[in-house]
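Reading the structure
If you want the building blocks of each chain, they are given just below.
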Amino acid sequence: MAGILSYGVYVPVWRISRDEIGKSLGRPSMGGERSVASQDEDSLTMAVEAGLDCLAGLDPKDIDGLYFATVSSPFKEKQAASMIAAALDLKKDVYTFDITGSLRAGTLATKAAHDAIEAGGAKKILVIAADSRRAMPQSDIEQTSGDGAVALLLGESDGFAEIEDFSTTVNPILGTWKRDEDNYPKVFDARFDTQYGLLKDVPQAVNQLVKKCNIEMKDVSKFALYSPDARSHLNLARLLNIDTKAQLQDSLFTTVGITGTAHCLLLLIAVIEVAKPEQRIICCSYGEGSDAFLVKATERGGERKRKVSGGQYLTSNKKLGYGRFLSFKKEIDVGWPERERSSVVKYWRDADWLLPLYGMRCKECETLQYPISRTCMVCGQKDMYEKVKLARKGKIFSYTHDYLLGPGNLPADGINPTTRAVVDLEDGCRLWLELTDNEVNEVNTGSVVELTFRLLHQKSDYRFYGWKGRPLKE
């Protein structure tokens with residue numbers, strides 16, 4: 001039986017209070033706060049972060065497939081999954097898919113991966129769901145949405161949970177939609193979608209699943225249900241006749257927001273982190289219908305460090321004002337000067353070591369160095385090196401704040417420099433990196449940083465991704 005062998009989570013450190021959004025626009029606040037992707041983050045970079053978390057301590061070359069689910073891919077015509085696979089250092093013959101077009105994409109990808117494993121077509125498949133949706137200013141989605149990513153590694157060996165069965169229902173209701181020429185999702189009437197879509201489809205999918213598995217609602221310990229807002233979440237529990245305190249997993253609406261395709265999977269992980277053996281969990285998505293699947297926790301349930309249930313990803317002291325929030329979401333032009341024109345050909349040529357983060361060790365003097373070049377920067381030997389996977393943590397040796405060129409966001413005082421640092425990694429390699437997710441007063445020599453996959457810049461009508469440093473999140 002296929003199950004969940006490992007899992008990973010990524011939620012950005014930035015938050016904006018819904019009171020701040022409401023106050024800026026003269027609209028009622030929905031309460032709490034939502035997560036916000038930084039100016040150099042998108043669904044692709046967050047997917048890499050969740051994937052790295054999921055594969056920590058595992059061999060990425062054992063993965064047979066990568067299924068990426070999103071409705072906010074940075075590319076309209078280019079496979080994001082292939083770049084994610086490269087950054088995660090998966091093998092070259094891994095099968096990669098982008099699954100998009102619906103907020104059910106996360107559960108659709110999970111079902112597809114499960115079926116491929118059950119059919120013997122693959123042994124291990126990595127499913128990643130991530131979203132960073134743009135929302136029209138003053139819309140409800142601007143407050144309800146949150147940014148984040150989830151990764152599930154599915155396979156047949158002993159894992160944290162077994163997937164017992166699936167059910168689905170399809171309903172081509174108006175709901176939300178976005179055409180190719182649209183910048184924001186459109187909604188005909190949120191109340192109509194809730195009444196005739198969500199509150200009909202989710203209970204139907206759950207009831208079908210319970211009947212199919214020959215169990216009752218009381219046999220399910222927790223329900224990880226997608227909902228677009230806090231009120232709908234409670235209404236679903238009422239329709240399903242389940243105990244909101246004992247059986248309904250918290251929606252994380254007040255701390256993170258609704259993370260699109262990743263959301264019900266994020267709730268599922270929060271449950272698995274504290275699950276006891278044999279406890280059953282139902283995970284259910286919504287979007288032009290609903291998918292539900294039943295999971296049974298194993299002896300390993302609750303074994304991993306609690307990243308969601310323990311609150312590691314749910315709180316942050318990095319707060320945004322509404323103006324900076326708009327700059328992060330690319331809704332306003334902050335007017336920074338453009339960087340030098342980048343070479344697409346050079347980026348393609350170096351992708352094999354740049355994206356998965358490899359350095360070189362000279363075979364003559366054994367110096368570990370980055371970036372990879374034909375000649376050793378210490379002894380000068382040419383074409384005598386081996387590629388080495390670099391560590392992702394280190395300490396700042398020295399740094400500088402660049403006030404002439406900023407990262408793309410502009411706070412009220414007009415000063416927001418880019419910080420660049422020389423970082424000594426744990427394996428002894430020294431890198432020159434741009435820092436992100438930091439304020440000026442947070443950087444000191446000796447500060448611990450970790451490497452994070454981010455958007456470096458966008459030139460020649462192409463998005464260039466690579467590695468930056470950020471203060472280590474304890």
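Only a predicted model underlies this, so the values are computations on that prediction, with no experimental measurement involved.

1. Section: the overall build of the chain
What the chain contains, in helices and strands, is eleven helices and 22 strands. Taken over C-alpha atoms, the radius of gyration comes to 23 Å for the chain, in line with the 23 Å a tight globule of 474 residues would show. Principal-axis analysis of the C-alpha atoms gives the chain an extent of 70 × 55 × 40 Å. Within the chain, buried positions represent 56% of all 474 residues. Surface summary for the chain: the accessible area is close to 20900 Å², and the carbon and sulfur share equals 50%.

2. Let's talk about the nonpolar core
By size, the foremost hydrophobic cluster in this structure holds 132 residues, and its most contacted members are L126 and V206. Discounting residues that sit within four places of it in the chain, V206 has contacts with M217, F223, L225, L240, I282, C284 and A292. Counting residues in each nonpolar core, the second largest holds ten residues, with V13, Y322, F325 and F328 among its members.

3. Overview of the pairing of strand β7 (residues 148–155)
Taken across its eight residues, β7 has eight buried, putting it largely inside the fold. Residues G148, V150, L152 and L154 line one face of β7 and the alternating positions A149, A151, L153 and G155 line the opposite face, and both faces are buried. Both strand β1 (residues 3–10) and β7 contribute to a ladder of seven bridges, which runs antiparallel. Paired with I4 across the two strands is L154, which belongs to β7.

4. Some details on the pattern of salt bridges
Applying the stated criterion across every chain yields a total of 37 salt bridges. Residue E49 pairs with R470 through a salt bridge whose shortest N-O separation is 2.9 Å. Separated by 421 residues along the polypeptide, E49 in helix α2 (residues 43–54) and R470 in strand β22 (residues 462–471) bring together distant segments of the chain. Taken individually, E49 and R470 each receive the classification buried, so the pair is uniform in this respect. A salt bridge links D189 to R191; its shortest N-O distance comes to 3.3 Å. Given the relative accessible area of 24%, D189 is considered partly exposed. One connected set of salt bridges, linked through shared partners, spans D40, E41, D402, R420, E434, D437, R454 and K468.

5. What to know about unusual backbone geometry
Omega for the bond connecting Y370 with P371 falls within 30 degrees of zero, at 5°, which places this linkage in the cis form. Turning to its location among the elements, P371 is positioned in the loop between β16 (368–369) and β17 (385–389). A positive phi is found at E366, a non-glycine position, where the angle reads about 65°. Summarising the element assignment, E366 is placed in the loop between β15 (358–362) and β16. A residue is classified by how much of its surface remains accessible, and E366, at 58% relative accessible area, is exposed.

6. Details of the sheet that holds strand β20 (residues 430–434)
Pairing within the open sheet is antiparallel, and its five strands lie in the order β20-β19-β18-β21-β22. Across the chains shown, the open sheet's two edge strands, defined by having one partner strand only, are β20 and β22. Each adjacent strand pair in this sheet contributes to an overall mean axis angle of 30°, direction not counted. Strand direction decides the pairing type here: strand β18 (residues 393–402) and strand β21 (residues 448–459), joined by three bridges, are antiparallel. Looking across to β21, one finds that K393 is bridged to E450. The sheet contacts of α2 involve β21 and β22, and relative to β21 the element is tilted by about 155°.

7. Regarding the environment of I281
Tracing the backbone through its elements, the reader meets I281 in strand β12 (residues 280–284). What makes I281 buried here is its relative accessible area of 1%. Setting aside its immediate chain neighbours within four residues, I281 contacts V220, K222, L268, V271, I272, A275, F293, L294 and V295.

8. Focus: the sheet that holds strand β11 (residues 222–225)
Spatially, the nine strands line up as an open sheet ordered β5-β4-β6-β7-β1-β8-β13-β12-β11, and their pairing is mixed. Taken across any chain shown, the strands that pair with only one partner, and hence form the sheet edges, are β5 (95–99) and β11. Ignoring which end each strand starts from, the neighbouring axes of this sheet average 25° apart. Summarising the sheet, β1 and strand β8 (residues 161–170) pair through two bridges and their orientation is antiparallel. Within β8, the residue paired with I4 across the bridge is A161. Here helix α4 (residues 105–118) sits on the sheet and contacts β4 (65–69), β5, β6 (124–131), β7, β8 and β13 (289–297); the angle it forms with β6, its principal contact strand, is near 175°.

What counts, and at which threshold
Residues numbered from 1 in each chain as written. Predicted model: local features only at pLDDT ≥ 70, side-chain atom pairs only at ≥ 80, totals over all residues. Heavy atoms only, no water. Helix = DSSP H or I, 4+ residues; strand = E, 2+ residues; numbered from the N terminus. Rg over C-alpha atoms; globule rule 2.2 N^0.38 Å. Buried < 20%, exposed > 50% of the residue type's maximum accessible area, 1.4 Å probe, protein only. Areas by Shrake-Rupley, 256 points an atom, 1.4 Å probe, with all protein chains shown as cover. Core = buried A, V, L, I, M, F, W, Y, C linked by side-chain atoms within 4.5 Å. Contact = heavy atoms within 4.5 Å. Pairing = 2+ DSSP bridges. Salt bridge = Lys/Arg side-chain N within 4 Å of Asp/Glu carboxyl O. Axes fitted to C-alpha atoms, helices over the stretch in contact; angles between N-to-C directions.

Limitation: the analysis is restricted to geometry and does not speak to function.
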